[in-house]
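Listed below, chain by chain, are the residues.
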Amino acid sequence: MSAVFEEGQLYSAVTQDADGTVEVHLSDNHPGLHDAGYRARRGEIAAASLAHERGTPLPTIDYSQDEHDIWRVVCRELAPKHERYAHPEFLAGKAALGLPTDHVPQLDDVTALLEPLTGWSYTAAPGLVPLRDFYGDLGRRTFNSTQYLRHGSRPLYTPEPDIIHEVVGHGNQLASPRFARVTEAAGLASLRLETDEAMKFVADVFWFSMEFGVMAHGEDLTAYGAGILSSYGEMDEFRQMEIRPLDLAAMGTLNYDITAYQPVLFRAESVDHLEDVVGHFFETVDDDLAARLRAQASASV
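Things to note about the pairing of strand S2 (residues 22-25)
Moving on, step 1. Residues Val22 and Val24 point to one face of S2 and are all buried, whereas Glu23 and His25, pointing to the other face, are not buried.
Moving on, step 2. Bridging between strand S1 (residues 13-16) and S2 involves four bridges; their strand directions are antiparallel. Within S2, the residue paired with Thr15 across the bridge is Glu23.

Rendered as structure tokens:
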């Protein structure tokens, strides 16, 4: 997953000792912090990703029955919320993709379902992926995904992105050709940008669109962002937040706390509107435009 999750230490650090031992350093509020078996399992799965070489088959994880049960519970609980809260474009992608709901899919299996629809594939990541690497891969229609699952004691909560977020959230989203094109455009933008400031601006616009975007559907307010649609709790709360119209200068500069529900969300009026504003921005942004929008945001404060 990308470095947008780095602030607030939401993403668990992964280290490898000289003897090859891989350790995942869980945060103090992680439900699995004091579960030695869970910590060992996280290290085992991270080690498989670290050992993977691009161009070779992705690591196959032999998921336990408990891990399959977590996937099953979350899919069961998210399904009615998707029907109630998700935008029809997301629901159409979800129906076309047809992810299994009774077991955790291997990332190669997700690719096999997704690639015929939009040309996207998955690759394995042990945890945090450097920002430019993550977005560069998006420009190649490749999504970096973790392979671990959240702790079984709280299946509907995770303090960090897991395979449920990466696949149920982003995979269903990427099965929409229109959402997939916007995501690819964000990745291609990263290849044009030279400054870290411009790169962060693009990542923040992505955060408030493809991660936490909301969209009108008739008189209703729906969600299309993967961060909302993979979160059991956030789907119940997003309509109560401050909803603003799309505003690139604000989206690229607004401070946010990634460890809490997002109090400010930006609404697209339709998929056409998202493509015209956010998609066009990703297609045309360069360092100068990002700097001008950042200055515009500062001047309006």
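Having seen the structure, we can now continue with the description.
Regarding the sheet that holds strand S5 (residues 214-217)
Moving on, step 1. Strands sit in the order S6-S5-S8-S7 across an open sheet of four strands; the sheet is mixed. Strand pairing shows two members of the sheet lacking a second neighbour, strand S6 (220-223) and strand S7 (242-245), which therefore form its edges. With strand direction ignored, the average angle separating the axes of adjacent strands in the sheet is 40 degrees.
Moving on, step 2. Judged from the four bridges that link them, S7 and strand S8 (residues 264-268) form a sheet pairing that is parallel. Paired with Pro245 across the bridge in S8 is Arg267.

Some words on the packing of aromatic side chains
How two aromatic rings sit relative to each other is set out by the distance from centre to centre and by the angle between their planes.
Moving on, step 1. Overall, the coordinates contain 13 aromatic pairs when judged by the stated rule.
Moving on, step 2. Ring centres of Phe281 and Phe282 lie 5.6 Å apart, and the angle between their planes is 50 degrees; this geometry places the pair in the tilted category. For the pair formed by Phe281 and Phe282, the shared burial category is buried.
Moving on, step 3. Grouped by ring-pair contacts, the aromatic residues Tyr122, Phe134, Tyr135, Phe143, Phe201, Phe206, Phe281 and Phe282 constitute a single cluster.

Describing the packing of helix H8 (residues 196-211) against helix H12 (residues 271-284)
Moving on, step 1. Look at H8 against H12: their axes get within 11 Å of each other, and the N-to-C directions meet at 155 degrees. Considering their axes alone, H8 and H12 lie roughly antiparallel with respect to each other. Here H8 and H12 pass one another in a crossing that is left-handed. Note on element contacts: H12 touches H8 through Leu274, Val278, Phe281 and Phe282, opposite Phe201, Val202, Val205, Phe206, Ser209 and Met210.
Moving on, step 2. Its residues assigned to classes, the contact of H8 with H12 comprises nine nonpolar, one polar and no charged.

The rules behind the values
- Residues numbered from 1 in each chain as written.
- Predicted model: local features only at pLDDT ≥ 70, side-chain atom pairs only at ≥ 80, totals over all residues.
- Heavy atoms only, no water.
- Buried < 20%, exposed > 50% of the residue type's maximum accessible area, 1.4 Å probe, protein only.
- Helix = DSSP H or I, 4+ residues; strand = E, 2+ residues; numbered from the N terminus.
- Pairing = 2+ DSSP bridges.
- Axes fitted to C-alpha atoms, helices over the stretch in contact; angles between N-to-C directions.
- Phe/Tyr/Trp six-rings, centres within 6.5 Å; stacked < 30°, edge-to-face > 60°.
- Parallel < 35°, antiparallel > 145°, perpendicular 65-115°, else oblique.
- Left-handed = near helix turned anticlockwise from the far one by under 90°.
- Contact = heavy atoms within 4.5 Å.
- Nonpolar A, V, L, I, M, F, W, Y, C, P; charged D, E, K, R; others polar.

Everything listed is a geometric property; what it means functionally is a separate question.
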